[in-house]
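# Examining the three-dimensional arrangement
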Amino acid sequence: MAAGRSAGAAVSRDRVARAPASPEKSVATCHAPAGASAPAASSNAAVRMPVCPSGALTPPEDLLNFHNYVTAFQDGRMLRAFGNTLYIVVFAIGGTVLIGSMTAYAVDRFTFRFKKLVVALFLLTALVPGVTTQVATFQIVTGLGLFDTRWAPIVLSMGTDIASICIFLQFIRSIPVSLDEAARLDGANAFTVYRRIILPLVKPAIATVVIVKGIAVCNDFSIPFLYMPSQDLGVISTFLFRFRGPYGAHGEIIAAGTVLVILPTLVVFLALQRFVYNGFKRGATR
């Protein structure tokens, strides 16, 4: 009997020694700062350490940590993206100003057959959804050899801007025809009238088109994504997409990159916003 009780007690002590720790003692704790004394342990109660707070609303420990901005700038090839965007914006805006102003000048100043039909077709194209013409547009761009080049978004941005033509048309209609007639009496041809008279008088419209078109090209995602798939041809609207994978996205890096993308556009708009407002105001009141 005594031998049986001693054997049972030994088994009980062995089970207690192998038993897992209490859940109350296995709480994830914060690291105490250097030099801080550990709390005194009590034999009657389990010791509870403060739990580290973590969540979406937890403020950062270091407010001057720009690691995500550096990662977005370097890993996203942001410098090359800004260069490609600037290249596309300069040529797209230049072509839009020339094509839009010349088209408006021809429609307003010249008389030809089916003139009303041409103006109606300009307005009709604005009602056609762009997604319905993507297949035909892709075939044309591929046939011209512009696929996977920076000229694909440039050509598409210059040739599909009906709003710019309407803005120039409203300004040119406010210019008296007598100025054209006086220049013609002095021996000026149609192109000289356009270059010497019309173009200087539509500077508010040019400023409006430059700002509105520039912001639209910078914010465009579908055209660069479809027609420039190479990594070296990324623009600021598509480089953020590189931080998104099939199993998740780096939200903190995408947010930092978004701030870097917004800053240049915001600075340019704040510096030139008076030209936008003056351009729309003058075009509406004349």
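Summarised in this report is the structure supplied together with it. (Residues numbered from 1 in each chain as written. Predicted model: local features only at pLDDT ≥ 70, side-chain atom pairs only at ≥ 80, totals over all residues. Heavy atoms only, no water.)

## Some remarks on the nonpolar core
Using the following cut-off: Joining through side-chain atoms within 4.5 Å is the link that ties buried Ala, Val, Leu, Ile, Met, Phe, Trp, Tyr and Cys residues into a set, and such a set is a nonpolar core. For every residue, the accessible area obtained with a 1.4 Å probe (protein chains only) is divided by the maximum for its type, and the residue is called buried under 20%, exposed over 50%, and partly exposed between those limits. Helical segments are the DSSP runs of H or I of at least four residues, strand segments are the runs of E of at least two, and each set is numbered from the N terminus. Every residue pair with non-hydrogen atoms within 4.5 Å of one another is taken to be in contact.
If you look at the biggest cluster of nonpolar residues, it comprises 40 residues, and the most contacted ones within it are Phe 168, Val 193, Ile 198, Val 202 and Phe 239. Contributions of two or more residues to this core are made by helix H3 (78-109), helix H6 (151-159), helix H7 (162-173), helix H9 (190-201), helix H10 (203-219) and helix H12 (251-285). Broken down by element, the residue count for this core peaks at 10 residues, all from H3. Aside from chain neighbours lying at most four places away, what touches Ile 198 is Tyr 105, Arg 109, Ile 172, Ile 175, Asp 180 and Val 193. In terms of nonpolar packing, the next biggest core, distinct from the first, is built from 6 residues, Val 141, Leu 146, Leu 156 and Ile 223 among them.

## Concerning the packing of aromatic side chains
As a reminder, the rule being used: Planes of paired rings set the category: under 30 degrees apart is stacked, over 60 is edge-to-face and the rest tilted, where pairs are Phe, Tyr or Trp rings (Trp by its six-membered ring) whose centres lie within 6.5 Å.
Evaluation of the coordinates by the stated rule reveals 10 aromatic pairs. Measuring from centroid to centroid gives 6.3 Å for Tyr 87 and Trp 151, while their planes differ by 85 degrees, and the two rings are edge-to-face. Taken together, the residues Tyr 87 in helix H3 and Trp 151 in helix H6 connect sequence positions 64 residues apart. Ring geometry for Phe 138 and Phe 147: centres 5.4 Å apart, planes at 70 degrees, overall edge-to-face. Chaining the aromatic ring pairs together yields one cluster made of Tyr 105, Phe 110, Phe 191 and Tyr 194.

## Quick word on unusual backbone geometry
Residue Phe 114 is not a glycine yet carries a positive backbone phi of 60 degrees. Structurally, the position occupied by Phe 114 is in the loop between H3 and helix H4 (115-125). Judged by its relative accessible area of 54%, Phe 114 is exposed. Positioned with a positive phi, Asp 148 is a non-glycine residue whose angle comes to about 65 degrees. The exposure class of Asp 148 is partly exposed, given its relative accessible area of 27%.

## Quick look at the packing of helix H8 (residues 177-185) against H9
Helix-helix packing is described using two parameters, namely the angle between the two axes and the distance between the axes. Quick reminder of the rule: Axis definition: a line fitted to C-alpha atoms, over the contacting stretch in the case of helices. Angles run 0 to 180 degrees between N-to-C directions. Oblique is the label for any angle not under 35 degrees, not over 145, and not in the 65 to 115 range, which are roughly parallel, roughly antiparallel and roughly perpendicular in turn. Crossing chirality is assigned from the near helix's rotation relative to the far helix, an anticlockwise turn below a right angle marking it left-handed and a clockwise turn marking it right-handed. Under the scheme applied, nonpolar residues are Ala, Val, Leu, Ile, Met, Phe, Trp, Tyr, Cys and Pro; charged residues are Asp, Glu, Lys and Arg; polar residues are all the others, including Gly.
At a minimum axis separation of 10 Å, H8 and H9 run at an interaxial angle of 140 degrees. Between H8 and H9, the crossing angle belongs to the class labelled oblique. Read as a crossing pair, H8 and H9 show a hand that is right-handed. Between H8 and H9, the contacting residues are Leu 179, Asp 180, Ala 183 and Arg 184 on the first element and Ala 190, Val 193, Ile 197, Ile 198 and Leu 201 on the second. Its residues assigned to classes, the contact of H8 with H9 comprises 7 nonpolar, no polar and 2 charged.

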